[in-house]
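# Topology and contacts: notes
The chain contents come next:
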Amino acid sequence: MKLLRITYLVLPLPLHPAAKMVFRKPPDGGWGWVIVVVSFFTQFLCYGSPLAVGVLYLEWLDAFGEGKGKTAWVGSLANGIGLLASPVCSICVSSFGARPVAIFSGFMVAGGLMMSSFAPNIYFLYVSYGIVVGLGCGLLYTATVTITCQYFDKHRGLALGLISTGSSVGLFIYAALQRELIELYGLDGCLLIVGALSLNILACGSLMRPLESSSSPPPEKMFVDKVPDQYFVYHEKEKTIEENISILEKGYIDEKCVNNGPDCKQDNILNKNALSSINVNEKDTYKKKVVEQTNFCKQLAKRKWQLYLTYWKETMVLFKNKVFSALFVAILLFDIGGFPPSLLMEDVARSANISEDDYYMPLISIIGIMTTVGKLILGILADFKWVNTLYLYVTTLLMTGMALFAIPFAKSYLTLAMLSGILGFLTGNWSIFPYVTTKTVGIEKLTHAYGILMFFAGLGNSLGPPIVGWFYDWTQEYDTAFYFSGSCVLLGGFLLLLAALPCWNACTNQSSKLPPNTYSYKVASNA
């Protein structure tokens with residue numbers, strides 16, 4: 001009987017109930033407003049320099065003497081890598097939580113900026129500024145959005161809108177700040193100071209308290225530690241069944257020897273016979289457990305494969321929706337053509353021989369502040385029932401394309417400032433892009449569809465500035481580059497407009513062959 005008790009104790013012990021995490025409902029206030037404030041400053045601190053990289057771009061051109069296309073890769077990587085790696089960022093936040101990811105990413109952003117001050121060539125900046133800083137920004141964006149959504153339900157839209165303005169305000173302030181720091185301390189000193197400022201992200205991240213029930217006790221240590229070592233027959237996986245049984249035999253015999261003294265030898269013989277009689281049963285039990293675990297692993301792998309196939313099937317279903325396919329092309333072309341001005345506008349002014357004495361405010365700062373205004377106004381317009389969000393988004397695309405066509409004709413600071421303000425305002429259409437995606441694919445497919453679209457948005461951010469820079473290296477002027485950029489945005493806007501026309505709805509409604517999860521945008525209804 002004692003032998004049976006020993007065998008029973010080696011079975012896996014369940015976790016203590018207190019080890020389970022208990023979450024409560026979003027409070028929609030309270031500490032949630034602290035989360036909003038620290039998330040705002042987190043985005044302000046991490047995105048300020050990458051979005052205002054146009055000021056640094058001029059200094060890197062002079063310092064390394066590389067072409068504009070090659071140098072533009074630094075800023076485009078810093079702004080695009082976070083979107084390209086958004087699936088990885090989401091997995092990290094889901095696995096480790098917003099607070100640890102925010103603190104770790106703060107070190108990444110600060111370290112990347114400081115390392116960039118020691119860059120010996122442009123290729124070093126690709127890694128230190130483009131990849132390290134860009135990936136840190138992507139992780140911080142995901143962490144701030146996730147923790148804010150956990151704390152808010154009814155006021156989630158307001159909270160997300162407030163924290164999203166942090167990046168635009170950062171662009172507005174960092175453009176002037178970096179220019180002033182470069183004049184005072186040089187490029188290297190500027191990057192060191194900006195990197196030191198980014199260390200404040202650590203303080204913001206430490207305040208991102210997870211939404212955990214305060215009444216839940218801390219996980220207690222598993223009481224498996226109290227079990228004597230001699231009872232752990234299977235605690236070393238590499239031991240064979242014969243070695244495990246010999247351990248059991250030795251532990252039992254040693255205990256009997258201590259208790260019985262002189263009768264130890266006789267008991268040893270009896271115990272060996274008893275253990276050999278259960279040898280077969282022990283082997284069968286052990287083999288059965290191995291088979292069960294093997295079958296479990298096979299079933300798990302099969303299930304993961306089925307999920308993988310389901311994901312690709314749902315992706316194909318999404319692309320059968322004409323409006324979604326057009327939206328995918330539009331966002332890619334918009335970021336290829338619409339993102340370069342925020343990076344290259346300062347160099348455009350220098351190429352137009354505009355004196356720095358005429359500058360009342362950096363052009364990038366104008367883009368930043370007007371982006372904030374655009375996000376707020378376009379977001380308010382999208383809430384009106386009589387406004388169709390898809391047509392509103394198409395309108396911003398078409399107007400952006402025309403503004404890009406007008407840049408080659410701007411030869412003064414005033415005209416460039418006006419165009420920068422218009423482009424900044426229209427870039428605020430990011431605030432209504434989730435509305436458009438939801439109306440196109442439905443709320444059930446929003447996460448899947450939005451992840452795909454953000455990936456290609458990051459691809460466009462990464463490719464746009466280098467392409468415009470290559471056009472300049474080829475033609476030695478920006479006119480052809482911005483004609484190309486305007487054509488890309490206009491093409492995306494017209495494709496999306498054609499896909500949303502009522503004639504497409506008639507064709508879609510007549511077709512019952514499409515899968516049941518496919519959605520089409522009904523332009524006749526109010527968004």
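Residues numbered from 1 in each chain as written. Predicted model: local features only at pLDDT ≥ 70, side-chain atom pairs only at ≥ 80, totals over all residues. Heavy atoms only, no water.

Under the convention used in this document: UniProt positions are given in the numbering used here, feature names are shortened, and annotations may be inferred rather than shown by experiment.
Per an unreviewed UniProt entry, the chain goes by Monocarboxylate transporter 9 and derives from Lonchura striata. The chain has a UniProt comment under Function (unreviewed entry) that states "Extracellular pH-and Na(+)-sensitive low-affinity creatine transporter. Also functions as a pH-independent carnitine efflux transporter." Under the UniProt heading Sequence similarities (unreviewed entry), the note attached to the chain is "Belongs to the major facilitator superfamily. Monocarboxylate porter (TC 2.A.1.13) family."

## Details of the overall build of the chain
In plain terms, the rule: To qualify as a helix, a DSSP run of H or I must reach at least 4 residues; to qualify as a strand, a run of E must reach at least 2; elements of each kind are numbered from the N terminus. Accessibility here uses a 1.4 Å probe with only protein chains present; expressed as a share of the type maximum, an area under 20% marks a residue as buried, one over 50% as exposed, and anything in between as partly exposed. Here, two residues are considered to be in contact whenever any of their heavy atoms come within 4.5 Å of each other. Using a 1.4 Å probe, accessible areas were evaluated by the Shrake-Rupley method; residue-level cover was limited to the displayed protein chains.
If you tally the helices and strands in the chain, you get 21 helices and 0 strands. Residue burial in the chain is summarised as follows: out of 527 residues, 46% are buried. Once local pairs closer than 6 in sequence are excluded, the contacts in the chain between residues at least 24 apart make up 83%. Of the roughly 26,600 Å² that the chain leaves accessible, carbon and sulfur atoms contribute 66%.

## Details of the packing of helix H2 (residues 31-51) against helix H7 (residues 122-151)
What counts, and what does not: Helix axes are fitted to C-alpha atoms over the stretch in contact, other axes to C-alpha atoms as well, and angles between N-to-C directions run from 0 to 180 degrees. We call two directions roughly parallel when the angle between them is under 35 degrees, roughly antiparallel when it is over 145, roughly perpendicular when it lies between 65 and 115, and oblique otherwise. Helix crossings fall into two classes, left-handed where the near helix is turned counterclockwise from the far one by less than a right angle and right-handed where it is turned clockwise.
In contact at an axis separation of 10 Å, H2 and H7 are set at 165 degrees when each is read in the N-to-C sense. For the element pair H2 / H7, the angle class is roughly antiparallel. Here the hand of the crossing between H2 and H7 comes out left-handed. Only Tyr129, Val133, Cys137, Gly138, Leu140, Tyr141, Thr144, Ile147, Thr148 and Tyr151 of H7 make contact with H2, whose side of the interface consists of Trp31, Gly32, Ile35, Ser39, Thr42, Gln43, Cys46, Tyr47, Ser49 and Pro50.

## Some thoughts on the nonpolar core
The test is simple: Side-chain atoms within 4.5 Å are what join buried Ala, Val, Leu, Ile, Met, Phe, Trp, Tyr and Cys residues into a set we call a nonpolar core. Boundaries between domains were set according to an automatic or database domain assignment.
Ranked by size, the top nonpolar core spans 120 residues in total, and within it Leu56, Tyr129, Leu363, Tyr393, Tyr478 and Leu496 carry the most contacts. The element best represented in this core is H7, accounting for 12 residues. Mapping this core onto the domain boundaries places at least three of its residues in each of domain 1 (25-213) and domain 2 (301-505). Ignoring sequence-local partners within four residues, the contact set of Tyr478 consists of Tyr57, Lys68, Leu344, Asp347, Val348, Ser351, Val468 and Tyr472.

## A word on the side chain of Thr165
What counts here: Polar contacts here mean pairs of N or O atoms no more than 3.5 Å apart (in protein, one a potential hydrogen donor and the other a potential acceptor; neighbouring residues in sequence count only if both atoms are side-chain atoms).
Among the structural elements, Thr165 can be located in helix H8 (residues 156-198). What makes Thr165 buried here is its relative accessible area of 11%. Within polar-contact distance, the side chain of Thr165 engages the backbone oxygen of Leu162 at 2.6 Å. Apart from the residues within four sequence positions on either side, Thr165 is in contact with Phe40 and Thr372.

## Observations concerning the side chain of Thr42
Turning to its location among the elements, Thr42 is positioned in helix H2. Residue Thr42 is classed as buried on the basis of its relative accessible area, which comes to 0%.

## Points about a nonpolar patch on the surface
Heads up, the rule is: Only residues whose relative accessible area exceeds 30% and that take part in no salt bridge are eligible for patches, with like-charged residues grouped when within 9 Å of each other and nonpolar side chains (Val, Leu, Ile, Met, Phe, Trp, Tyr) grouped when within 5 Å. One side-chain nitrogen of Lys or Arg within 4 Å of one carboxyl oxygen of Asp or Glu is enough to make a salt bridge.
On the surface, a nonpolar cluster with roughly 370 Å² of combined accessible area is contributed by Leu184, Tyr185, Ile193 and Leu197. Structurally, the position occupied by Leu184 is in helix H8.

## Thoughts on the packing of aromatic side chains
We apply this condition: Here a Phe, Tyr or Trp ring, Trp counted by its six-membered ring, pairs with any other such ring whose centre lies within 6.5 Å, and the pair is stacked when the planes are under 30 degrees apart, edge-to-face when over 60, and tilted otherwise.
One pass over the structure, following the stated rule, counts 19 aromatic pairs. For the pair Tyr393 and Phe433, a centre-to-centre distance of 5.5 Å together with 50 degrees between the ring planes defines the contact as tilted. Here Phe433 lies in helix H18 (residues 433-441) and Tyr393 lies in helix H16 (residues 389-406), a separation of 40 residues in the sequence. The same class applies to Tyr393 and to Phe433, which are both buried.

## Quick look at the state of the cysteines
Operational definition: Count a disulfide wherever a pair of cysteine sulfur atoms falls within 2.5 Å.
Under the counting rule described, the total for this entry stands at 0 disulfides. Cys137 forms no disulfide, and the closest cysteine sulfur to it belongs to Cys46, at a distance of 4.3 Å. Taking the relative accessible area as the measure of exposure, Cys137 reaches 1% and is therefore buried.

## Re the environment of Phe118
With respect to the secondary-structure elements, Phe118 resides in the loop between helix H6 (98-116) and H7. Between the C-alpha atoms of Phe118 and Leu192, which are 74 residues apart in sequence, the distance is 9.3 Å.

## Observations concerning helix H13 (residues 322-338)
We count it as follows: To estimate how far a helix should extend, the number of its residues minus one is multiplied by 1.5 Å.
With 17 residues, H13 ought to run about 24 Å at 1.5 Å a step, and its terminal C-alpha atoms sit 23 Å apart, in line with that. Within H13, 15 of the 17 residues are buried, leaving the element largely enclosed by the surrounding structure.

## Side note on the pattern of salt bridges
The full count for this structure, using the stated rule, is 5 salt bridges. Residues Glu66 and Lys70 are paired through a salt bridge, measuring 3.5 Å at the closest nitrogen-oxygen approach. Taking the relative accessible area as the measure of exposure, Lys70 reaches 30% and is therefore partly exposed. A salt bridge links Lys68 to Asp347, with the nearest nitrogen and oxygen atoms 2.8 Å apart. Taken as a pair, Lys68 in helix H4 (residues 68-84) and Asp347 in helix H14 (residues 340-351) lie far apart in primary sequence, 279 residues in all.

## Notes on the environment of Phe484
Of note, Phe484 is situated in helix H20 (residues 479-499). A relative accessible area of 29% means that Phe484 is categorised as partly exposed. Sequence separation between Phe484 and Leu404 is 80 residues; the distance between their C-alpha atoms is 9.0 Å. Every residue in contact with Phe484, bar those within four places of it in the chain, is listed here: Ile336, Ile467 and Phe471.

## Observations regarding unusual backbone geometry
Although it is not a glycine, Asn353 adopts a positive phi angle of roughly 60 degrees. Topologically, Asn353 is positioned in the loop between H14 and helix H15 (363-382). The exposure class of Asn353 is exposed, given its relative accessible area of 72%. With a phi angle near 65 degrees, Gln476 is a residue other than glycine that sits in the positive phi range. Within the fold, Gln476 resides in the loop between helix H19 (446-475) and H20. Taking the relative accessible area as the measure of exposure, Gln476 reaches 54% and is therefore exposed.

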